[in-house]
Structures are given as structure tokens and as C-alpha cells.
Amino acid sequence: MELIEAVILDSSVLFHVNGGSTLSPAAHFVFRALHFSNLRKGIHFGKDLSHDEVNLLKMMSKEYGFDCFHSSESTIELLKDEIALAWSGAGVQTLYVVSGHKKDLCLKLSDCGFSLSVLDDEIIEDTNQHPSIKHIKKLEQLPLDICCYNKKAAGKEFIIVGYNMKPSRQQDFAKRGAFPLYSSQQEMIFVPLTYELPMRLQLEQMDAVLHKATDDIVSIELNTSMSAPKITYTDGMEKLRRTLEDHPDCCVIDPLNNIYPVMDRLRIQNVLLGLENLTTEGHSIIRGARFLKVDSFDDLNLGERLVEAKLSLPSIVKPQVACGVSNAHSMEYVDHSSTLFKFYVLGEKVFHAVKKSTPNSDVLLKLVHGNQLKPLVFDSLKSLPTAEKHEFEEVVIDLELVKDAASWLRRRLDLTIFGFDVVIQEGTGDHVIVDVNYLPSFKEIPDDVAIPAFWEAIKNKLRERRAGKNS
């Protein structure tokens, strides 16, 4: 067996089954999965397509990095010549994906040495006569099939990681090379999970599952105690959650119970109180921001409570739920020379980047007065305007102290990949952690540094889990 290093999609598997010049949802799924897969990719179409259909396929090819092959189905040898010309004559094992309705084409392709995935409504096993033909019932099955085939063909242990997150996040990771469907060097294969296939069949092939479950939250209800919140996920994510419970051998990065604290800002602030034990002589203090849970702004004792919590205006008011809306959560605003340090923990490795941040409180108060003393409302993803260069001086950070805090948080939260933001308070030099999040993009870190560390973190987590089961 040779590794599949190239895939050609026949136009017959791409368009909507109900007809018309629109692509099926399955086609969009496969385009995204193959886009940054490290595989050579092509689309083949004959002369039976309309002008609009041809233009659509050319547009999708350009967007997702596919080559276009336009030739008659009766001249398969010409197709082979086209492929050799486009791919510099590379004699790689090519998988051709075609509809089962094109039986004659299937036989011709098989005779010309192509491996075939035949999309059939009803699977008819024909592997005895044509061992190069494999039948699939849904196009969404293709990435998993390629993954399993290459693991078997490699003849060595590949780690298969299934990932589940919203398409835009998937693309952000994939375009940086984080999710190769084919990799001869790292011995890791990444394949997207899909809710269109039985989850049990997918997980049976996985060594690990990487997820961003917060992408699939419909609603979240916090408990008054520190117990796990009541979360309603999408039907698909709920199916994944239940199926994972039945597959304890599959390493989850990270278990849902472990990410609950970072969903609740009040809970994570209470966790950060434990940082006080890290303070040593000769080092700055590292701590979480001072905070207060506010149930109502009509509370007559709110002023006194703010003073008791060592809070003063301006303060930041955030929803308690970090991935939705809930009760208000008042947090200290730290004058920090408009400098933000973003830290990323990938397994045992810690990276950081420096970014311009929001202005100091005197500037914010001027903005408030200009806003008729109304609260400044902002989205944390868009943030407030950043300060100009002349508004702050260079800030020195105690990296040893923050890395100790990162190690402490990793053990305390039992998370594999997470991030947090640090600001340094003017005057006191306190290092204040103002945000903690699960599975960040770590896009500020160069890809050639971050991606290998990302892979290594996953491999180490899997080794650690297997060692624990065998001990």
C-alpha cells in the first residue's frame, strides 16, 4: 500500500442532490477539510456542466487551493497527462472521488491505476473484483477514510486527532499548518469530526479529540455553588459529549469538566486567589484582578461593597459567563501603561507576546465625561481604542514569575492548551492576570515555533494519559 498524497473530486459528488447549480453542504465540508491538508488537490469536470457550474467550481478551486482538470470522461489518459503536467509529473498515489452513478467512469479510472472512493446511496461491496474501489455512503466520510488508509499504509503508529470547532476557527488553525490530514514527519493526522456521520464510528478511529466546546453552547446557567454549570449544547455537541463518555480510551483535550472554571469569571477569579502562595521575596506580586459579584446596580450598599473589595472607579463590568450573558461582574481597572502581555501555555511550554492596550484611567475618565457620564460600553473582542505611543513607557515584566504562575494554573486547572492576559500595575508593579481562556489561537506567536509546540503538547498529553492507564 502507498500513502494517498493526492485527491481529485469529480464534479458528480459536489453538487446538491436536488439538482441546480449549488454545492452541497458536504462539498463545503470537504473543501474546508482538504484546504490546508498537505495533500495535492484537484477537481475534475467534463463537458456536461453548465457555464454557471463550471464558474462555480473554478471559484471554489481558487478559494481552497485546488487545481482544475477539464477533460472528457472518455479520455482518461488525457486526464493523467493533465495531472502529470500540473503536478510536475509526480507519481503519487491519487484518490479519485466519484459518484456511483458513473459506473463506466469508475471502471476506466480503476483500470488506469487510480484508487477510488465511490459515493453510493446504497453501498454495494465490490472490492473482490476491484480492490482499488472503496464505497462510501456520505461525502463527509472522505477525510476520515483518507486518514485511516494512510495510517494503515504507513505501517507505523500515527496519532489520529479528531477536532471539533466552528468552521472559521478551524480555518484559522488549519491555514497555519496546525491540522495536517497528511504528514510524513510529525506522525500525526488531524481529521475534522462531523455531526453528519455516526459519532461512535468516528471516535473508534481517534486517539484524541481536540475541541472548542464553547463554540457549540446554546445556553448556560450558572449554579450558586462552585459546582459545574448547567450547559445546553447544540444537538451535535451533545451527541459528541455522550459518545465520549462511552469511549474512555479516547483522550479528550480537554475534558469538559476541566474547562468549566474558565467559562465562569467569578469562579476563575476565585481560583486566581491561590496565586498569592507564589509570591516570594525579591519578586513582584502576581494576582488576579480584584473583583466583586454584582446582582443589581440598584443595591444601596454597592458603594460600600466596592470599597470593601478595594475597587474604585473606573471599574470594568463584565458578564459572569465568559462565553455568553449573565449577571454582571465588576472587575478592577488597572492602570497598566497601556501594555498587555498575552501568555499562551502549550503543554509545558509558555510563550508570550506584547500588545498595545487600553488607555490609563485618566484618559478613560475624560472619555466618560465626553459621554455625558454614561458607562463606556464595549465588546472585549473589539475593545476600547488603544493608547498612542506617547501615552506609555516601556514596561518590564518578570517572566520567571509569570511562567511559575502558568505552571501553577496548568496543574490547578488541568488544561493542556490555554492562555491568559497579564497587565502590570503602575506604581505597585503588581502582575495582574485579567483574563483566562481555553484553546486560544496563539496567533501572535510565529507559526514555526507555536505549531510544533502545539503538536508536542497533544502528544505529551496522550502519552501521559496512556502511562496513567497502564500504571
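Coordinates for the structure precede this section.
Residues numbered from 1 in each chain as written. Predicted model: local features only at pLDDT ≥ 70, side-chain atom pairs only at ≥ 80, totals over all residues. Heavy atoms only, no water.

Novice: Quick question: what am I supposed to make of the sheet that holds strand β7 (residues 159-164) here?
Specialist: Each strand in a sheet pairs with another by means of backbone hydrogen bonds, the pair being arranged parallel or else antiparallel. Strands sit in the order β8-β7-β9-β12 across an open sheet of 4 strands; the sheet is parallel. The sheet is open, and its two borders are formed by β8 (188-192) and β12 (251-253), each paired with just one other strand. Each neighbouring strand pair of the sheet contributes to a mean axis angle of 25°, computed without reference to strand direction. (Pairing = 2+ DSSP bridges. Helix = DSSP H or I, 4+ residues; strand = E, 2+ residues; numbered from the N terminus. Axes fitted to C-alpha atoms, helices over the stretch in contact; angles between N-to-C directions.)

Novice: What exactly am I supposed to notice about the nonpolar core here?
Specialist: Where a protein is soluble and globular, its nonpolar side chains tend to be buried together. Among the nonpolar cores identified, the biggest contains 116 residues, and Phe31, Phe179, Leu210, Phe420, Phe442 and Phe454 are the most heavily contacted of them. Examining the composition of this core, we find that 8 residues originate from one element, helix α14 (residues 447-470), more than from any other. Each residue touching Phe442, except ones within four places of it in the same chain, is listed here: Phe173, Arg176, Tyr344, Leu346, Ile417, Ala450, Ile451 and Phe454. Ile8, Ile83, Tyr96 and Leu116 belong to the second-largest nonpolar core, a separate cluster that totals 16 residues. (Core = buried A, V, L, I, M, F, W, Y, C linked by side-chain atoms within 4.5 Å. Buried < 20%, exposed > 50% of the residue type's maximum accessible area, 1.4 Å probe, protein only. Contact = heavy atoms within 4.5 Å.)

Novice: Which parts of the structure should I look at to understand the packing of aromatic side chains?
Specialist: When we look at a pair of aromatic rings, we describe it by the centre distance and by the angle of the planes. Evaluated as defined, the whole model comprises 14 aromatic pairs. Both rings, one in Phe173 and one in Phe442, keep their centres 5.7 Å apart while their planes meet at 70°; by these two values the pair is edge-to-face. Linking Phe173 in helix α6 (residues 167-174) with Phe442 in the loop between β20 (431-438) and α14, this pair joins segments that are 269 residues apart in sequence. The exposure class of Phe442 is buried, given its relative accessible area of 1%. A cation over an aromatic ring shows up here: Lys41 above the ring of Phe66, its NZ or CZ 5.8 Å from the ring centre. (Phe/Tyr/Trp six-rings, centres within 6.5 Å; stacked < 30°, edge-to-face > 60°. Lys NZ or Arg CZ within 6 Å of the ring centre and 35° of its normal.)

Novice: For this particular structure, what's the right way to read the pairing of strand β9 (residues 208-211)?
Specialist: Each regular strand shows side chains that alternate between the opposite faces of the sheet. Alternating positions in β9 separate into two faces, Ala208 and Leu210 on one and Val209 and His211 on the other, with burial throughout. Pairing between β9 and β12: 3 bridges, direction parallel. What sits directly across from Val209, in β12, is Val252.

Novice: Honestly, the pattern of salt bridges in this entry has me stumped. Any pointers?
Specialist: Two side chains of opposite charge can pair, provided their charged atoms sit close to one another. With the rule as written, the count across this model stands at 20 salt bridges. Note that Asp172 is salt-bridged to Lys175, the shortest N-O span being 3.7 Å. Between Glu464 and Lys461 there is a salt bridge whose closest N-O contact spans 3.9 Å. Taken together, the residues Glu464 and Lys461, both in helix α14 and 3 residues apart, mark about one turn of the helix. Taking the relative accessible area as the measure of exposure, Lys461 reaches 13% and is therefore buried. Each of Glu238, Arg241, Arg242 and Glu245 takes part in a single network of salt bridges with overlapping partners. (Salt bridge = Lys/Arg side-chain N within 4 Å of Asp/Glu carboxyl O.)

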